[in-house]
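So you can see what is in the structure, the chains are spelled out below.
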Amino acid sequence: MSATSSSPTRRTLLATSAAAGVLSLLPGSVTLAATQPAIRPFHVHFSDEALADLRRRILATKWAEREQVSDTTQGVQLDTMKKLARYWASDYDWRKVETRLNALPNFITEIDGLDIHFVHVKSRHQGALPMIVTHGWPGSIIEQMKIIDPLTNPTAHGGTAADAFDLVIPSLPGYGFSGKPAAAGWNPPRIAKAWAVLMQRLGYTKYVAQGGDWGNAVTENMALQQPPGLLGIHTNMPATVPASITKSLAEGTPPAGLTTDERNAWNQLDFFNKNGLGYAIEMNNRPQTLLALADSPVGLAAWMIDHDDRSQKMIARAFDGKPEGLSRDDVLDNVTLYWLTNTAISSARLYWDNAHNPTGGFFDVRGIKVPVAVSAFPDEIYTAPQSWTQKAYVKLIHYKKMPKGGHFAAWEQPELFVQEMRESFKSLRPSI
């Protein structure tokens, strides 16, 4: 079986409607042009039956007992999950985000034997800078939806025509509406090569790339590969940790002489290594064991929410009626996408692929030579100090320590993120 044969579009094909000229697909995930050109249109629609089944499963959740502590040290609290489930089953409306997704130009194209889904929004302004933006886990293209209009239509959002971008926002292999690889090997370097093919196929001869989380790993690998046309990159989760710091973290003792920002970063990394890596360790080693995530929507939501301590607490506050950055609908838009596309396991395999085709530690310096811009958010897994960043990237063109925001930068703080994109790549625009 080829990799593409396991994609949602091919796996669920049931009938062809000659009159309508489209392929009809169940469980209602997509509608594609019957001619299937190299780049073909994509439409999102899940069936009423799929949504009814989701609600039934939420209401039938078998709940565990309450945690034994008064904080989150044992994981996502039961009270948070019950509030999430009540809202999900009674008030949440998937059709709203489906409408927003379909208002965007969505496409599918086959690259290296796999169907790749992407959103492609072109600016009406001449001279727009093309940018490919990559999400991470537990994210999706939902992360970037708030930044699309401000970046492609800057004059309507406090910018000028000179700030315009063309945006390409792909779904990672095994995520969202992209195909699910049937064989191992889709690690960040391979994805980076596929993204370069995508940009070439779209006709872009000069462009920039952006990413956080896995999106950073893919984007930095693009920078290492230096495909023709890549002018520079931006990251909101940079890999800047010096080898001496990695060694000291393993030993559990911070080195002497750290600046305030460096010690803060060391503390953040130490906390994450000791308290936040459980999900990654399991997906690195045994992603297929997580079958319960494909059977329980509430179990899937809990797994996804518990990515990092600060994000988890922010999401819990949203379900307590105190939203900041992300709303309840934001959170459930993303979780519901994972559920309806049944990508809990296929997305987790990216961790296994990366662990079994190692290209260095996630935060290790990679030796990138192309221009790099960095936005350091305070509630990220670690806030990269400027001193480490300057050493990690020999062509650092922008660094800014942000006033607020965390792991899901574009999603949580779209206004700040948009401003950072405008500032980060300003010096590269004369090159296009």
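Residues numbered from 1 in each chain as written. Predicted model: local features only at pLDDT ≥ 70, side-chain atom pairs only at ≥ 80, totals over all residues. Heavy atoms only, no water.

**Regarding the pattern of salt bridges**
Formally: Salt bridge criterion: a side-chain nitrogen from Lys or Arg within 4 Å of a carboxyl oxygen from Asp or Glu. Here a strand is any run of E in DSSP of at least two residues, a helix any run of H or I of at least four, and the numbering for each starts at the N terminus. Note on exposure labels: buried denotes an accessible area under 20% of the residue type's maximum, exposed denotes more than 50%, and partly exposed covers the range between, all computed with a 1.4 Å probe on protein chains only.
What the rule picks out here adds up to 18 salt bridges. In this structure, the salt-bridge partner of Arg56 is Asp53, at a minimum N-O distance of 2.7 Å. Here the residue Arg56 and the residue Asp53 both occupy positions in helix α2 (residues 48-59), the gap between them amounting to three residues, near one helical turn. Here Arg56 falls in the partly exposed class, since its relative accessible area comes to 47%. Asp53 sits in the partly exposed class, given a relative accessible area of 25%.

**Things to note about the packing of helix α11 (residues 297-305) against helix α13 (residues 328-341)**
This is how the line gets drawn: Note on method: axes are straight lines fitted to C-alpha atoms, helices fitted across the in-contact stretch only, with angles between N-to-C directions ranging 0 to 180 degrees. Orientation labels follow simple angle bins: below 35 degrees gives roughly parallel, above 145 gives roughly antiparallel, 65 to 115 gives roughly perpendicular, and whatever is left gives oblique. We call a crossing left-handed when the near helix sits turned anticlockwise from the far one by less than a right angle, and right-handed when that turn is clockwise. For this analysis, residues touch if any pair of their heavy atoms sits within 4.5 Å. We call Asp, Glu, Lys and Arg charged. Ala, Val, Leu, Ile, Met, Phe, Trp, Tyr, Cys and Pro are nonpolar, and the rest, Gly among them, are polar.
Remark: α11 packs on α13, axes separated minimally by 10 Å, with the N-to-C direction vectors making an angle of 125°. As the angle between them shows, α11 and α13 are arranged oblique. Viewed along their axes, α11 and α13 form a crossing whose handedness is right-handed. Together, Pro297, Leu300, Ala301 and Met304 of α11 and Asn334, Val335, Tyr338 and Trp339 of α13 make up the contact between the two elements. Its residues assigned to classes, the contact of α11 with α13 comprises seven nonpolar, one polar and no charged.

**A closer look at helix α7 (residues 214-225)**
We apply this condition: In this scheme, a helix's expected span is set at 1.5 Å multiplied by one less than its residue total.
Here α7 spans 16 Å end to end across twelve residues, near enough to the 16 Å set by a 1.5 Å rise per residue. In terms of residue burial, α7 counts as a mostly covered element, since ten of its twelve residues are buried. Residues of α7 that are buried include every one of Trp214, Gly215, Asn216, Ala217, Val218, Thr219, Glu220, Asn221, Met222 and Ala223, and no others. Where α7 is buried, its residues contact β7 (129-134), α6 (188-201), β9 (207-211), β10 (230-235) and α14 (344-356). In the stretch just after α7, Gln226 is the one whose phi turns positive, near 50°.

**Digging into the nonpolar core**
Put simply, the test is: The term nonpolar core refers to a set of buried residues drawn from Ala, Val, Leu, Ile, Met, Phe, Trp, Tyr and Cys, joined through side-chain atoms within 4.5 Å.
Judged by nonpolar contacts, the single largest core of 124 residues is most densely connected at Trp88, Trp94, Met131, Ile132, Trp137 and Trp195. Setting aside anything within four residues of it in sequence, one finds Ile132 in contact with Val168, Pro170, Trp195, Leu198, Met199, Tyr207, Val208, Ala209, Gln210 and Met222.

**Examining the packing of aromatic side chains**
Note the cut-off: Whether two aromatic rings pair depends on their centres lying within 6.5 Å, for rings of Phe, Tyr and Trp, where Trp uses its six-membered ring; planes under 30 degrees apart make the pair stacked, over 60 edge-to-face, and the rest tilted. A ring is considered to have a charge above it if a Lys NZ or an Arg CZ atom is located within 6 Å of its centre and within 35 degrees of its normal.
Across all of its chains, the model carries 15 aromatic pairs by this definition. Ring geometry for Trp137 versus Tyr351: centroids 5.9 Å apart, planes at 90°, classification edge-to-face. Of this pair, Trp137 sits in the loop between β7 and α5 (148-152) while Tyr351 sits in helix α14; the two residues are 214 residues apart in sequence, bridging distant segments of the chain. The pair formed by Trp137 and Tyr351 is uniform in burial state, with each residue classed as buried. Seen in terms of ring centroids, Phe165 and Phe425 are 6.4 Å apart; in terms of plane orientation they differ by 70°. Their pairing is edge-to-face. Taken as a pair, Phe165 in strand β8 (residues 165-170) and Phe425 in the segment after α17 (414-424) lie far apart in primary sequence, 260 residues in all. Since its relative accessible area comes to 0%, Phe165 is described here as buried. Each member of the aromatic cluster is reached from another via a ring pair, and the members are Trp137, Trp214, Tyr279, Tyr351, Phe362, Phe363, Tyr382 and Trp388. Seen from the ring of Tyr87, Arg328 lies directly overhead, with NZ or CZ sitting 3.9 Å from the centre. Directly above the aromatic system of Phe165 lies the positively charged group of Arg429, at a separation of 4.6 Å from the ring centroid.

**Focus on the environment of Gln419**
Mapping Gln419 onto the fold places it in helix α17. Spatially, the C-alpha atoms of Gln419 and Asp163 are 9.4 Å apart, while their sequence positions differ by 256 residues.

**A look at the pairing of strand β6 (residues 114-121)**
In plain terms, the rule: Should DSSP find at least two bridges between two strands, the strands are taken to pair.
Most of β6 sits out of view: eight of its eight residues are buried. Where strand β5 (residues 106-111) lies against β6, six bridges are found, and the strand directions are antiparallel. Each bridged residue has a counterpart across the sheet, and for Glu110 the counterpart in β6 is Asp115. Between β5 and β6, which pair antiparallel in sequence order, lie two residues; one of them, Asp112, sits at a positive phi of approximately 55°. Here β6 runs beside β8; their pairing, made up of four bridges, is antiparallel. Bridged to Val121 within β8 is Leu167.

**Focus: the pairing of β9**
In terms of burial, β9 is a largely internal element, five of the five residues being buried. Two elements, β7 and β9, share four bridges in a ladder whose sense is parallel. Each residue of the ladder has a partner; that of Met131, found in β9, is Val208. Sheet analysis places β9 next to β10, joined by five bridges and oriented parallel. Across the sheet, Tyr207 pairs through a bridge with Leu230, a residue of β10.

**Brief notes about the packing of helix α4 (residues 94-102) against α13**
Remark: α4 packs on α13, axes separated minimally by 10 Å, with the N-to-C direction vectors making an angle of 85°. Relative to α13, the element α4 is oriented roughly perpendicular. For the pair α4 and α13, contact is made by Trp94, Val97 and Arg100 and by Asp333, Thr336, Leu337 and Leu340, respectively. Tallied by class, residues from the contact of α4 with α13 come to four nonpolar, one polar and two charged.

**Some points on the side chain of Arg366**
Quick reminder of the rule: Polar contact is the term for a pair of N or O atoms within 3.5 Å; when the atoms are in protein, one must be able to donate a hydrogen and the other to accept it, and sequence-neighboring residues count only if both atoms are side-chain atoms.
Note that Arg366 resides in the loop between α14 and β11 (372-376). There is a polar contact of 2.7 Å between the side chain of Arg366 and the side chain of Glu220. With sequence-adjacent residues up to four places away left out, Arg366 is seen in contact with Asn216, Ala217, Glu220, Asn221, Leu224, Ala239 and Gly361.

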